[in-house]
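# Residue-level structure breakdown
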Amino acid sequence: MGYFVPDEQPVIWRGPMLHKAIQQLVSEAWWDEPDFLLIDMPPGTGDVALTLSEVLPRIEMYVVTTPQAGRAARRAAFGVRGTKTEAQRARRHREQSWFTGDDEKRYEIFGAGGGARLAQELGIALLGQIPLDTKLREGGDVGEPIVVYDPESDVSLAFKALAATIVSQGPARVYRQELKLS
């Protein structure tokens, strides 16, 4: 939304306004032939997730959480399962994990194993664990992905491994190119 409104202006939209904006983003923007379209959604199970599952019926949702935030992630996963759309979605999981201090010691400030336990409980795969790193946030703040400006960092290597896992698994459903809508 930063491209549409000044930073100090709040975006307060009701469901129909969100729905229309998402429809326009998906149907009126030129996407060419993307292998993946990643949409970072707000946490929860509200209008955005429901609209995306309606507008993009082949969507696959990935739940991202920290080890201790299992309740919110559980709700999001159940929300995906509970939508009354005909969407077929893979329900996969990724977790933010530890950070390595200047002393080279691993600190698990959010606890450990919560993501794996939740994934097992939900019957989904834990695709990866991403370490916390100040450089990740700093790069995000200025629009420079850490995999670009520090490609050999632990965080970059973890993101690359996660991406390779997702690509190797492929989409949950494969569609024939000749049936594509134009």
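In this report, the structure presented in the accompanying data block is examined. Residue numbering note: each chain is counted from 1, following its sequence as written. Two thresholds apply to this predicted model, a pLDDT of at least 70 for residue-level local features and 80 or more for giving and counting side-chain atom pairs, whereas whole-chain, interface and lining totals are computed over all residues. Hydrogens are left out, water is left out, and the side-chain values use all remaining heavy atoms of the structure.

When a carboxyl oxygen of Asp or Glu is within 4 Å of a side-chain nitrogen of Lys or Arg, the pair counts as a salt bridge. As enumerated under the stated definition, the model contains four salt bridges in all. Across the salt bridge formed by Arg-106 and Glu-108, the nearest N and O atoms sit 3.4 Å from each other. Throughout this description, buried means an accessible area under 20% of the type-specific maximum (1.4 Å probe, protein chains only), exposed means over 50%, and partly exposed covers the range between. Assessed through its relative accessible area of 45%, Arg-106 is described here as partly exposed.

Turning our eyes to something else, we now look at the side chain of Thr-51. Examined against the element boundaries, Thr-51 turns out to sit in helix H2 (residues 47-55). Under the relative-accessibility criterion, Thr-51 is labelled buried at 5%. Pairing of N or O atoms within 3.5 Å defines a polar contact, subject to two protein rules: one partner must be a possible hydrogen donor and the other a possible acceptor, and residues neighboring in sequence count only if both atoms are side-chain atoms. Side-chain polar atoms of Thr-51 contact the side chain of His-19, separated by 3.0 Å. With residues up to four places along the chain from it excluded, the contact list for Thr-51 reads His-19 and Ile-22. Numbering of helices and strands runs from the N terminus; a helix is a DSSP stretch of H or I covering at least four residues, while a strand is a stretch of E covering at least two. Here, two residues are considered to be in contact whenever any of their heavy atoms come within 4.5 Å of each other.

In this section: the layout of surface pockets. With a 1 Å grid spanning the protein atoms alone, the term cavity applies to any set of points in which a 1.4 Å probe fits but cannot get out, the term pocket to an open set with protein on both sides within 12 Å along at least five of seven lines, and the term lining residue to any residue with an atom within 4 Å of a point. Grid points are joined across faces, edges and corners, and a volume is the space filled by probe spheres set on the points. The space that makes up the second largest pocket amounts to roughly 260 Å³. Around the second largest pocket, the lining residues are Asp-40, Leu-136, Gly-139, Gly-140, Glu-144, Pro-145, Ile-146, Val-147 and Phe-159. Counting only elements with at least two residues in the lining of the second largest pocket, the list comes to helix H5 (134-142) and helix H6 (146-149). Top element by residues in the lining of the second largest pocket is H5. It accounts for three residues. Of the residues belonging to the lining of the second largest pocket, the class tally is five nonpolar, two polar and two charged. Think of it as three bins: nonpolar holds Ala, Val, Leu, Ile, Met, Phe, Trp, Tyr, Cys and Pro, charged holds Asp, Glu, Lys and Arg, and polar takes everything else, Gly as well.

Read these as spatial facts, not as claims about activity.
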